[in-house]
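# Residue-level structure breakdown
So you can see what is in the structure, the chains are spelled out below.
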Amino acid sequence: MTNALFASGLSRNEQKQVLKHERTNRKVGRWGAWELIQFQKGSIGRSWAADFAQAHINNVFSVLDRTLATGVRHLAITSLSGIRPSWPEMQRIKDELAGPEATAVEVYPPKEEIVDGANMYHLWIVTAPLPFTLHGRNRSTP
C-alpha cells in the first residue's frame, strides 16, 4: 500500500475499498475525467520536483506536469495503489494529456542519474521526431 494512502487517515477497511475500486476502474478503463490542480512551484518537493506547478488527477492516476525550458514536457505518473501503469495505460495518459499525435519516451538513465524516491513513472513529451521508429526509418523521411 502506498505511503499516501496509508497516511490518508482512512481506516484499513476504507483503504482496501479504495484499492478495490481502483483495480476495478483500471480493469474496465473507467478512470473518470481529468481534473487540473494548480499549486505554487516548490510546494511539493525539492530538486526537480520543485519545478511542478500543476497536476492532473482522476479516479486512478495522478500526473505531475511541467514543461522544461527546451519545450519538452515531463509527466510524472503514479496510481493511488502504487501499481505501475501498464503500457496501454501510459499510452492513454499520453494521448489524453498531450494528444494522440505527440511522441513520448520513457527514459532509463545512467546509474548515477537514477532518482527513485517515489513510485512514479515518467514520460517525456518530445518536441521533434525521434531519429528512429519501430518501422526502421526516421519519421521525417518519406
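Residues numbered from 1 in each chain as written. Predicted model: local features only at pLDDT ≥ 70, side-chain atom pairs only at ≥ 80, totals over all residues. Heavy atoms only, no water.

### Points about the overall build of the protein
Put simply, the rule reads: Labels follow the DSSP assignment, with helices taken as runs of H or I lasting at least four residues and strands as runs of E lasting at least two, numbered in each case from the N terminus. Note on classification: 1.4 Å probe, protein chains only; a residue is buried when its accessible area is under 20% of the maximum for its type, exposed when over 50%, partly exposed between these limits. Residues are treated as being in contact if the distance between any of their heavy atoms lies within 4.5 Å. Note on areas: Shrake-Rupley with a 1.4 Å probe; residue coverage comes only from the protein chains shown.
Along the protein, the regular secondary structure elements total three helices and six strands. Of the regular secondary structure in the protein, the N- to C-terminal order runs α-α-β-β-β-β-α-β-β. Every one of the 142 residues in the protein was classed for burial, and the buried ones make up 29%. Within the protein, counting contacts between residues at least 6 apart in sequence, those at least 24 apart form 48% of the total. Carbon and sulfur atoms form 56% of the exposed surface of the protein, whose accessible area is close to 9400 Å².

### Some thoughts on the sheet that holds strand β2 (residues 54–57)
Applicable threshold: A pair of strands is labelled paired if DSSP reports no fewer than 2 bridges between them. In this analysis, axes come from line fits to C-alpha atoms, helices being fitted only over the stretch in contact, and the angle between any two N-to-C directions falls in the range 0 to 180 degrees.
Taken in spatial order, the six strands make up an open sheet running β1-β2-β3-β4-β6-β5, and their pairing is antiparallel. Looking at which strands have only one partner, the edges of the open sheet turn out to be β1 (35–38) and β5 (103–105). Ignoring which end each strand starts from, the neighbouring axes of this sheet average 25 degrees apart.

### Side note on the confidence of the model for the protein
This is how the line gets drawn: A score between 0 and 100, pLDDT records how confident the predictor is in each residue.
Across the protein, the average pLDDT comes to 87, with 89% of residues at 70 or higher. Across the protein, the secondary-structure element scoring lowest on mean pLDDT is helix α1 (residues 3–6), at 53, and the one scoring highest is helix α3 (residues 87–98), at 97.

### Re the packing of aromatic side chains
In this description, a pair of aromatic rings is defined by centroid distance and the angle of the planes. For the record, the criterion: Only centres within 6.5 Å qualify two rings of Phe, Tyr or Trp (six-membered ring in Trp) as a pair; their planes then separate them into stacked at under 30 degrees, edge-to-face at over 60, and tilted for everything else. We call a charge positioned over a ring when the NZ of a Lys or the CZ of an Arg lies within 6 Å of the ring centre and within 35 degrees of the ring normal.
In this structure the tally under the stated criterion is three aromatic pairs. Ring plane angle 70 degrees and centroid distance 4.9 Å describe the contact between Trp 31 and Phe 61, whose orientation is recorded as edge-to-face. Note that Trp 31 is positioned in the loop between α2 (12–28) and β1 and Phe 61 in strand β3 (residues 61–67), a separation of 30 residues in sequence. Considered together, Trp 31 and Phe 61 belong to a single accessibility category, that of buried residues. An aromatic cluster is present here, built from Trp 31, Trp 34 and Phe 61 joined pairwise through their rings. Sitting over the ring of Trp 31, Arg 92 keeps its end group 3.7 Å from the ring centre.

### Notes on the pattern of salt bridges
Close approach of charged atoms allows side chains with opposite charge to pair. The following threshold applies: The salt bridge definition used is simple: a Lys or Arg side-chain nitrogen within 4 Å of an Asp or Glu carboxyl oxygen.
This structure, assessed with the given rule, holds seven salt bridges. With a shortest N-O distance of 3.2 Å, Glu 22 and Arg 26 are connected by a salt bridge. Taken together, the residues Glu 22 and Arg 26, both in helix α2 and four residues apart, mark about one turn of the helix. You'll find Glu 22 and Arg 26 in the same group, each marked buried. For Glu 96, the salt bridge goes to Arg 92, with nearest N and O atoms at 2.7 Å.

### Here's the deal with α2
Note the threshold: The length a helix should cover is 1.5 Å for every residue beyond the first. The arc in question is traced by the directions running from the helix axis to the C-beta atoms.
Compared with the 24 Å implied by 1.5 Å per residue over 17 residues, the 25 Å span of α2 between its first and last C-alpha is a close match. Of all the positions in α2, only Gln 15, Leu 19, Glu 22, Asn 25 and Arg 26 are classed as buried. One face of α2 carries all of its buried residues, which in axial projection span an arc of 125 degrees. Facing away from the buried side of α2, by more than 90 degrees, are the exposed residues Asn 13, Lys 16, Lys 27 and Val 28.

### Focus on the nonpolar core
Put simply, the rule reads: Among buried residues, those of type Ala, Val, Leu, Ile, Met, Phe, Trp, Tyr and Cys that are joined through side-chain atoms within 4.5 Å constitute a nonpolar core.
Listed in full, the twelve residues of the largest apolar core are Trp 31, Val 60, Phe 61, Val 63, Leu 75, Ile 77, Met 90, Ile 93, Leu 97, Tyr 121, Leu 123 and Ile 125. Those elements that provide at least two residues to this core are β3, β4 (73–79), α3 and β6 (121–126). Apart from residues lying up to four places away in sequence, Leu 75 is in contact with Val 63, Leu 64, Asp 65, Leu 97, Tyr 121, His 122, Leu 123 and Ile 125.

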